[in-house]
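# Fold and contact review
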Amino acid sequence: MVVKVGVAKLGNIASGVMAELLLDERADREDMQTFMATSGTKLEPADVDRVVSNLKAYKPDFCIVVSPNGVLPGPTGAREQLAAAGIPTIIITDDVTTKKEWEGVKADTKFGYIIMKADSMIGARREFLDPVEMADYNGNLVKVLALTCAFRKLQIALDKVIDQVKAGKKGTEIELPKIIMTTDKAVDGEFTNPYALAKARAAHEIAMAVAGQNVKGCFMTKEWEKYIPIVASAHEMMRCAADLCDQARELEKGGDSILRQPHKKDGMLVRKNKLVAKFE
């Protein structure tokens, strides 16, 4: 069978840039297909309704809702509408600041969730953030989430849901992931060189800390002379985190120990740790 996966991208976090691509990296899987509907940069109710309408028309086996701050009215409305339509729904979001409200979402068994703690808020101050700075930040963040292997753990969790649908499970029979992507979870089992592991850990920890600086600069500091250096420093932190990831990757290359786990056409994951070698 072909599993139909719907993706609602509301606003932007780095995980949304890659969510469906991680499931079919060479665009040759025959066991699943994805359909993405996006609200663009906005999270307004009308934009969200348009996304949800398109996804319901697609009739997916399950949906992924990717957004910043998953307790905002837009993302909340989207997942509730999808659940009301009988579509199993997984929320992928950043480490939302409204912890009390998020605890209520986590307790709701209708939804799965993957909280990407290092997918940190951008420094969205006009005096600092132009389109080039925005793209550069997201490029560094994607690198951090990829090379610390937070993205791999996200992809494996979604693949497990696809496998359940292929096995015949439907609706409430499907076990949805409930994951908080900490540093330990991201790097677990990924590195053979201890220095590479240390650098990857440092990168993920720095990326998580970026959110606190950007929240301070965007919401807690009023004077422009003060908030510009704060958000600029947060972007410098993310650049350093990306550089540490490159260093970790090069150390693993030096030992010819990069773990590769591509999908076969039937969705099965194969693996190897040597570049010039056949898959297990």
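Quick look at the structure, then.

Further remarks concern the overall build of the protein chain. Broken down by element type, the protein chain carries 9 helices and 6 strands. Seen through its C-alpha atoms, the protein chain measures out along the principal axes to roughly 55 × 50 × 30 Å. Within the protein chain, the fraction of its 280 residues that count as buried is 49%. A sequence separation of at least 24 residues applies to 72% of the contacts in the protein chain between residues at least 6 apart. Total accessible area on the protein chain is roughly 13600 Å²; 57% of this is exposed by carbon and sulfur atoms. If you average the places of the 40 positive and of the 39 negative side-chain charges in the protein chain, the two averages end up 2 Å apart.

Once that is clear, we can look at the pairing of strand β1 (residues 3–9). Within a regular strand, side chains alternate between the sheet's two faces. Burial analysis of β1 places 6 of its 7 residues in the buried class, the great majority of the element. For β1 and strand β2 (residues 32–38), the ladder comprises 7 bridges, and the chain directions are parallel. In the sheet register, K4 faces β2, and the bridge partner there is Q33. With 5 bridges connecting them, β1 and strand β3 (residues 62–67) associate as parallel partners.

Where helix α2 (residues 45–58) contacts helix α3 (residues 73–84), the two axes come as close as 10 Å, and the packing angle between them is 25 degrees. Overall, the two elements α2 and α3 adopt an arrangement that is roughly parallel. The handedness of the crossing between α2 and α3 is right-handed. Residue-level inspection shows V48, D49, V52, L55 and K56 of α2 in contact with α3, the latter providing G74, A78, Q81 and L82. Its residues assigned to classes, the contact of α2 with α3 shows 5 nonpolar, 2 polar and 2 charged.

This part takes up the sheet that holds strand β5 (residues 111–116). Read across the open sheet, the 6 strands follow the order β2-β1-β3-β4-β5-β6; overall the sheet is parallel. Edge positions in the open sheet fall to β2 and β6 (178–181), since each of these has one partner strand only. Across the sheet, the axes of successive neighbouring strands diverge by a mean angle of 15 degrees, strand direction being ignored. Its contacts with the sheet place α2 against β1, β2 and β3, and it is angled at close to 160 degrees to β2.

On to the layout of surface pockets. Of the pockets and cavities examined, the largest pocket occupies roughly 850 Å³. Lining the largest pocket are 33 residues, and of these N12, I13, P68, M121 and I122 sit closest to its centre. Breaking the lining of the largest pocket down by element, the ones donating at least two residues are α5 (131–147) and α8 (194–220). Looking at the lining of the largest pocket, its residues break down into 17 nonpolar, 10 polar and 6 charged. Computed from the structure, the second largest pocket encloses a volume of approximately 570 Å³. As for the second largest pocket, its lining consists of 22 residues, of which L22, E25, R152, Q155 and Q261 are closest to the centre. Elements supplying a minimum of two residues to the lining of the second largest pocket: α5 and α6 (150–166). Its residues assigned to classes, the lining of the second largest pocket shows 11 nonpolar, 4 polar and 7 charged.

Right, let's talk about the packing of α8 against helix α9 (residues 224–254) for a bit. Where α8 contacts α9, the axes come no closer than 8 Å and their chain directions differ by 165 degrees. Classed by the angle they form, the pair α8 and α9 counts as roughly antiparallel. Viewed along their axes, α8 and α9 form a crossing whose handedness is left-handed. Classifying every residue of the contact of α8 with α9 by side-chain character gives 21 nonpolar, 6 polar and 3 charged.

Below, the discussion takes up α6. Think of an α-helix as 3.6 residues a turn; residues three or four steps apart then line up on the same face. Look at α6: 25 Å from first C-alpha to last across 17 residues, which is about the 24 Å you get at 1.5 Å a residue. Counting buried positions along α6 gives 13 out of 17 residues, so the element sits mostly inside the fold. Positive phi shows up at G168, right after α6, with a value of about 105 degrees.

About the cut-offs
Residues numbered from 1 in each chain as written. Predicted model: local features only at pLDDT ≥ 70, side-chain atom pairs only at ≥ 80, totals over all residues. Heavy atoms only, no water. Helix = DSSP H or I, 4+ residues; strand = E, 2+ residues; numbered from the N terminus. Buried < 20%, exposed > 50% of the residue type's maximum accessible area, 1.4 Å probe, protein only. Contact = heavy atoms within 4.5 Å. Areas by Shrake-Rupley, 256 points an atom, 1.4 Å probe, with all protein chains shown as cover. Lys, Arg positive; Asp, Glu negative; His and termini not counted. Charge placed at Lys NZ, Arg CZ, Asp CG, Glu CD. Pairing = 2+ DSSP bridges. Axes fitted to C-alpha atoms, helices over the stretch in contact; angles between N-to-C directions. Parallel < 35°, antiparallel > 145°, perpendicular 65-115°, else oblique. Left-handed = near helix turned anticlockwise from the far one by under 90°. Nonpolar A, V, L, I, M, F, W, Y, C, P; charged D, E, K, R; others polar. 1 Å grid on protein atoms, 1.4 Å probe; cavity = no way out; pocket = protein on both sides within 12 Å on 5 of 7 lines; lining within 4 Å. Points joined across faces, edges and corners; volume = space filled by probe spheres on them. Expected span 1.5 Å × (residues − 1).

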